[in-house]
Amino acid sequence: MTRERLLTFALLAALLALPFAAQALGYPFYTTLATRMAILALAATGLNIALGLGGLVSFGHAAFFGIGGYAAGIVATHAMNAQPLLGLDIPASMPLVWLLAALSAGLVAAITGAISLRTSGVYFIMITLAFAQMIFYFAISWKAYGGEDGLSIALRNGFPGMNTAVPRDLFMIAFALLLAGLLIFWRVRVSRFGAALHAARQNELRVAAIGIEPFPIRLVAFVVSAMITAVAGAMFAELNRFASPSMLAWPMSGELIVLIILGGTGRLAGPVAGAMLYVMLEYWLGSITERWQFFLGLTLLGVVLFARGGIVGLVAGKARHG
Amino acid sequence: MPTALIIEQLLNGLQLGVMLFLMAAGLTLIFGVMGLINLAHGSLYMVGAFACAAVAAWTGSFWLGLVASLAAAAAAGAIVEVTVIRRLYDRDHLDQVLATFALILVFSEGTRWLFGSFPLYLDIPPALTGAVALPGGVFYPVYRLAIILVGLAVAVGLWLLISRTRLGMRIRAGESDREMIGALGVDIRTLYTVVFALGAALAGLAGALVGALQSVQVGMGEPVLILAFVVIVIGGIGSIKGAFLGALLVGVVDTMGRIFLPQLLAALLGPAPAASLGGALSSMLIYIVMAGILAFRPRGLFAAGA
Amino acid sequence: MADPVLEIRDLAKSFDALKATDGVSLDLRPGEIHALIGPNGAGKTTLMHQISGALRPDSGSIRFLGQDVLPLGIAARARLGLGRTFQVSSLIPEFSALRNVMLAAQARQGSSFRFLRNVMHDRTLLDAAGAALDRVGLTDRASVAAAELSHGERRQLEIAIAIALGARAFLLDEPMAGMGPEGSRTLTAFLDKLRAEAPILLVEHDMDAVFALADRVSVLVYGRIIASGSVAEIRNDPAVREAYLGDGA
């Protein structure tokens, strides 16, 4: 077993153990932290497909995260008020939310991606950022769903066999989704599709010259990436019982990139390591100083300037590719 | 009186446009010369606004505040360039994005530390209060007119600087060929610091000027930064001309759209659906324009080599 | 005579005032090596770019296997069977030699939209790539990252990629460049056999190789073909001698 794989299992085991240890030690709040870690790791795993494998630096994934959040909020609100959505009576069901989140984010990603992917480099970064801002402004001016106030979820959507109001049940659902997300990432990475995507990141002209169009490969990667991040966004809103416009705002996009870089770009365990460290840092710095973002910024600068490769890079060594 | 309204909104659009130009010019220069994408440019805008508000409150003079805003933003830019940015020129865009994102966190939280969480207010200088009558019976605020004039003056000055001066020649050389300016015997490190500080000063000036129209607060820079990105994407990265025309286009389209699109929708769909749709749609308008332009010109209207 | 595989007529391309390609017509027939020679800056690579689809000509036509390929992009032309190597080796640097060739085999098989199976367990790709590497003599270096291969090995790998994608015509842009005499001799012998598989349009500066291999030679100077014929005809053409071979080459 490679060190990277070992590290992945170790991190996942630690994350899984956290809520149980927290319960045993009498710090039930840590279950919420662990859930937050799992959800952010899932969101970053989605982004990692576009950014890590495809080299597509999307600074707009907050849009997909937020779309997921609003899907959860909208379904919960309609179900609560017994108000039909698009003419249908809908149950307050998480799987339905995930489906809606993934489909709507996928649709938005297909449209914005088709435009953004005609460009590359800095243009791509700026355009994805601009489109995310567009979705943000759309959401805050959409009064029917809360506008600038966002959308509260009075009662979490349900999941068969689980009580989503119980923190540990919610954690288990988030953790299972994270595993599913990691599985998708891993399969994509080793598949033919992943080979083409990864190759196009390194040498676009060569990939075209052997007969593979980079554009559709990247577009599909972008859409899949958005869908996974959207499901994470839905869970994030469920956890906080609130679909906030801040989920759609640009700092969230930055945060998702930060998670990946902290952990290690393109690595399976990168987002997991990054999310665990980030949430711990946020919590720990936050308990020491009100100005924790200042020190987070400094830490981040240090990582970018001096510790490239992230945590996984430090532990598992340089990336190897077959 | 629709003509008056149109003129007034056109001027508002122009005013937003020249402000965006001050931001976009620095961004596009920094990208053109150093190949760097700087997310922290909005922070320099904020630094300018805070410096102006603080000095104006302390001395009672808006004009001293304005000088302070230029000095503070240029100094902040130079310091950041020397300590951080300089290490990023050879890195990929991802590292640049991340490091300058980290700088935003440091700047924003640092400013909150120094000035607290409450917004500051900056008064329009007495000499520029009031309104003037324009042809067509429009009364338009003097201060906003002054902003437009300042913006146009900066645009002309920048054009003269780049086309007529030694510094401008070096900047143009740096854009086309980095090795060449080394061969010309130019100290590249100093040139880069100067260009970065110049861009920072323009952002700081914009922040200070807008600070008197809105409140001065942490986080004021980033929405403007993102609009400036839209401007650059439309105009073509690295092109000052593109930044200027793109800025005016975005300023006018955004301002006019917010006023006239809801009215247009109301005429088409009736008042009730227009009220809910109009706001949402007009806030998306410039992004739709951007997408439309990109569909035909993926590298913007005036990209070098397009 | 068999129909040409590749048929170029009156191709023209200008960059501002510079006519990089000025009314070029040439054919590539089944089984032949057609060498394209000319001094630096004659427009050889520009011409290759237009054939492969990286550049769009201003006018003229390019037909490949009877089909007009001008509306097609690089990838579509490659799928039809235009196998191009680059003057400066263009590979997937982080991929091993084997994975570079596997990607070409994958392209040949059609779909890259497969998400489930691990490529490293895909026998069809491994076999096709292994065979192509074997043919160019890179089997020992299969697991080395392309970025770490020697210059000559990268040139060999480029040819293995062109073979694996099932080229119906090879466009080889200076395959001998930077190779030692030993490498050039091996490659010459290899290309000699390769032509039976698919014809080769060969841009090359190594005149020993050109004269040893070519069935026909065309000479490109300032974007124009000034002579075209057999090796003997070209060697004795006064215009060619003056323009190009004059210095005793």
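Because the structure is a prediction, the values reported are computed rather than measured. (Residues numbered from 1 in each chain as written. Chains lettered and ligands numbered in written order. Predicted model: local features only at pLDDT ≥ 70, side-chain atom pairs only at ≥ 80, totals over all residues.)

Colleague: Hey, could you run me through the nonpolar core in this one?
Modeller: Nonpolar side chains in soluble globular proteins tend to end up buried together. Residues Ala-130 and Val-231 of chain A, Val-230 of chain B together with Val-101 of chain C are the most contacted members of the largest nonpolar core, which totals 301 residues. No other element matches helix H9 (residues 214-240) of chain A, which puts 17 residues into this core. When residues of this core are assigned to domains, at least three map to each of domain 1 (1-81 + 167-249) and domain 2 (96-165) of chain C. Once residues lying within four places of it in the same chain are set aside, the contact partners of Val-101 of chain C are Ala-129, Ala-132, Leu-133, Ala-160, Ile-161 and Ala-164 of chain C. (Core = buried A, V, L, I, M, F, W, Y, C linked by C-beta atoms within 7 Å. Buried ≥ 20, exposed ≤ 12 C-beta atoms within 10 Å, placed from the backbone. Helix = DSSP H or I, 4+ residues; strand = E, 2+ residues; numbered from the N terminus. Domains from an automatic or database assignment. Contact = placed C-beta atoms within 7 Å.)

Colleague: Would you take a moment to explain the environment of Leu-209 of chain B for this structure?
Modeller: Residues and elements named next belong to chain B. Among the secondary structure elements, Leu-209 is positioned in helix H8 (residues 188-211). On a C-alpha basis, the gap between Leu-209 and Ala-72 in space is 14 Å, while along the polypeptide they are 137 residues apart. Here Leu-209 is in contact with Met-19, Ile-147 and Val-150, once residues within four sequence places are set aside.

Colleague: Would you take a moment to explain the environment of Ile-234 of chain B for this structure?
Modeller: Its location among the elements puts Ile-234 of chain B in helix H9 (residues 221-235). Separated by eleven residues in the primary sequence, Ile-234 of chain B and Leu-245 of chain B place their C-alpha atoms 9.0 Å from one another.

Colleague: Where do I start with the interface of chain A and chain B in this structure?
Modeller: Interfaces are frequently sized by the accessible area removed from exposure as the parts join. Listed as interface residues are 37 residues of chain A and, on the opposing side, 36 residues of chain B. At the level of secondary structure, the elements contributing two or more residues to the side of chain A that touches chain B comprise helix H5 (121-140), helix H10 (250-263) and helix H12 (292-306) of chain A. No other element matches the 13 residues that H5 of chain A contributes to the side of chain A that touches chain B. Taken together, the residues of the side of chain A that touches chain B sort by class into 27 nonpolar, seven polar and three charged. (Nonpolar A, V, L, I, M, F, W, Y, C, P; charged D, E, K, R; others polar.)

Colleague: Honestly, the domain arrangement of chain C in this entry has me stumped. Any pointers?
Modeller: Residues and elements named next belong to chain C. Segmentation of chain C into domains returns domain 1 (1-81 + 167-249) and domain 2 (96-165). Placing a centre on the C-alpha atoms of domain 1 and another on those of domain 2 gives a separation of 26 Å. Contacts between domain 1 and domain 2 engage eight residues on the former and eight residues on the latter. The class makeup of the residues in the side of domain 1 that touches domain 2 is six nonpolar, two polar and no charged.

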